[in-house]
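# A closer look at the structure
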Amino acid sequence: MTNYSSVREFVLRGFSDVPDLQIIYFVMFLSVYLVAVLANLVIFIVTSTNRHLQTPMYFFIGNLSFLDMLYISITIPKMLADFFSARKTISFLGCVAQLYFFLTMAATESALLASMAYDRYVAICIPLRYPTIMSRGTCIQLAAASWMLGVVYSTLHTTNTFQLDFCSSHVIDHYFCDIPALLKLSCTDTHSTELMVFVVGSLHMLGCFLFIIASYFHVVRSVMKMSSTKGRKKTFSTCAPHLVAVALFYFTGSFVYFKPSSRQSPEQGKVGSIFYCIIAPMLNPFIYSLRNNELKSAIRKAVRKRGIWW
């Protein structure tokens with residue numbers, strides 16, 4: 001048994017050691033990464049520069065796109081480099097940093113999705129007071145609060161995880177440093193750590209999720225009172241993308257983090273994390289722009305302005 005402070009590096013097992021599969025995985029994840037970064041960058045630039053999109057809804061969509069660019073960049077580049085590395089190592093401090101920033105982005109996204117739900121609630125349920133309540137200052141405060149919550153959440157979990165003692169085997173059966181995979185390497189009892197993950201995760205993640213559900217409960221009640229069928233459809237089409245993004249992020253994240261590590265296989269952790277670490281950041285810009293004609297029109301104009309026809 002060695003103390004955690006003596007650990008200098010970890011070995012990331014990744015997805016597969018088969019050379020042919022390594023090439024397939026590399027091409028697949030590189031394509032996903034490039035699409036995710038480019039799509040989120042376009043959404044971020046358009047919502048930041050187009051004067052017709054300077055509303056709270058697009059402010060939060062732009063913030064989410066910026067966050068997703070950072071979020072997916074924490075895990076994918078290292079994973080791509082490891083596909084062609086003989087020994088997939090990551091330093092102890094590198095592992096700490098990767099887990100810290102990963103948890104920061106995940107917790108911030110959770111809070112940001114809750115802020116977006118609040119924006120939709122005010123816009124639909126209290127439309128006359130919407131400009132006053134969702135002022136520019138309020139939007140900035142909500143976004144800043146989301147980042148601060150993410151930092152606090154990440155600091156608690158990262159500190160708690162790396163206070164554990166790790167055994168002689170430092171092989172992480174995962175493609176990045178994640179809490180469930182790290183807990184499997186600990187020589188000491190991890191029940192208190194798992195309990196903290198569950199309690200803090202419930203307070204933050206589940207709290208944000210329940211807030212979103214409550215917001216949309218009131219939204220649905222208000223929409224059902226509308227006399228116009230066209231108005232109901234338009235309102236639901238505005239809210240639907242956000243609900244899809246929420247479901248994709250929360251359900252897959254909960255499957256991995258709220259299940260005890262002893263009852264979760266490495267394959268389940270890897271597959272589950274792909275959805276909330278990679279698939280969600282890639283799909284979010286398409287989810288929010290697919291049925292949003294105003295945003296699609298702004299994207300076309302921005303692309304055409306640069307001499308490229310969309």
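Residues numbered from 1 in each chain as written. Predicted model: local features only at pLDDT ≥ 70, side-chain atom pairs only at ≥ 80, totals over all residues. Heavy atoms only, no water.

### Focus on the packing of aromatic side chains
Each aromatic ring pair is specified by the distance between its two centres and by the angle formed by the two planes. Taken as a whole, this structure holds 18 aromatic pairs when the rule is applied. With centroids separated by 6.2 Å and ring planes inclined at 25°, the aromatic side chains of F10 and F92 adopt a geometry described as stacked. In this pair, F10 is assigned in strand 1 (residues 9-12) and F92 in helix 4 (residues 92-125), connecting sequence segments 82 residues apart. We note that F10, like F92, is buried. Between F249 and Y250 the ring centres are 5.4 Å apart and the planes differ by 90°, which places this aromatic pair in the edge-to-face class. (Phe/Tyr/Trp six-rings, centres within 6.5 Å; stacked < 30°, edge-to-face > 60°. Helix = DSSP H or I, 4+ residues; strand = E, 2+ residues; numbered from the N terminus. Buried < 20%, exposed > 50% of the residue type's maximum accessible area, 1.4 Å probe, protein only.)

### Focus: helix 1 (residues 19-49)
For helix 1, spanning 31 residues, the distance from its first C-alpha to its last is 45 Å, which sits close to the expected 45 Å at 1.5 Å a residue. Inspection of helix 1 places Q22, F29, V32, Y33, A36, A39, N40, I43, V46 and T47 among the buried residues, and these make up the whole buried set. (Expected span 1.5 Å × (residues − 1).)

### Observations concerning the state of the cysteines
Within this structure, the stated rule accounts for one disulfide. Between C95 and C177 runs a disulfide, and the two sulfur atoms are separated by 2.1 Å. What sets the handedness of the C95 and C177 disulfide is the S-S torsion sign, and at about -125° it is left-handed. In this pair, C95 sits in helix 4 while C177 sits in the loop between strand 3 (171-172) and helix 7 (179-183), placing the two residues 82 residues apart along the sequence. As far as the burial class goes, C95 and C177 line up, both buried. (Disulfide = S-S within 2.5 Å.)

### A word on the sheet that holds strand 1
By definition, the strands of a sheet pair up through backbone hydrogen bonds, in either a parallel or an antiparallel sense. Read from one edge of the open sheet, three strands run 2-1-3, paired in mixed fashion. What marks the edges here is a single partner per strand, and that holds for strand 2 (89-91) and strand 3. Taken together, the three bridges between strand 1 and strand 2 define a ladder with antiparallel strand orientation. Counted as the bridge partner of E9 is S91 from strand 2. Sheet strands touched by helix 4: strand 1, strand 2 and strand 3. Its angle to strand 2, the strand with the most contacts, is close to 85°. (Pairing = 2+ DSSP bridges. Contact = heavy atoms within 4.5 Å. Axes fitted to C-alpha atoms, helices over the stretch in contact; angles between N-to-C directions.)

### Quick look at the nonpolar core
F10, L113, I172, L182, Y250 and I278 are the most contacted members of the largest nonpolar core, which totals 83 residues. Excluding anything up to four places from it in sequence, I172 contacts F10, V11, L12, R13, C95, C177, A181, L182 and L185. (Core = buried A, V, L, I, M, F, W, Y, C linked by side-chain atoms within 4.5 Å.)

### What to know about the packing of helix 4 against helix 6 (residues 136-161)
Two elements in contact, helix 4 and helix 6, have axes whose closest approach is 7 Å; the angle formed by their N-to-C orientations is 145°. Considering the relative orientation of helix 4 and helix 6, their crossing is right-handed. When its residues are assigned to classes, the contact of helix 4 with helix 6 shows 15 nonpolar, ten polar and no charged. (Left-handed = near helix turned anticlockwise from the far one by under 90°. Nonpolar A, V, L, I, M, F, W, Y, C, P; charged D, E, K, R; others polar.)

### Some thoughts on the pairing of strand 1
Taken together, the two bridges between strand 1 and strand 3 define a ladder with parallel strand orientation. Bridge pairing in strand 3 places V11 opposite V171.

### Overview of the pattern of salt bridges
Inspection of every chain in the model, using the stated rule, returns three salt bridges. Salt-bridge contacts for D119 lead to R120; the nearest nitrogen and oxygen are separated by 3.0 Å. Across the pair, exposure class does not vary: D119 and R120 are buried alike. (Salt bridge = Lys/Arg side-chain N within 4 Å of Asp/Glu carboxyl O.)

### Regarding the side chain of H204
Considering the arrangement of structural elements, one finds H204 in helix 8 (residues 191-224). Contacts of H204, omitting those with residues within four sequence positions, involve A107, S110, A111, L149 and Y153.

### With respect to helix 8
Look at helix 8: 46 Å from first C-alpha to last across 34 residues, which is about the 50 Å you get at 1.5 Å a residue. A bend of about 40° at S202 is the largest found in helix 8. (Bend = angle between axes of the 7 residues up to and from the residue.)

### Focus: the side chain of S154
Positionally, S154 belongs in helix 6. Its relative accessible area of 0% is what places S154 among the buried residues. Not counting chain neighbours up to four residues away, the residues in contact with S154 comprise L99, Y100, L103 and T104.

By themselves, these observations are geometric and do not establish any function.
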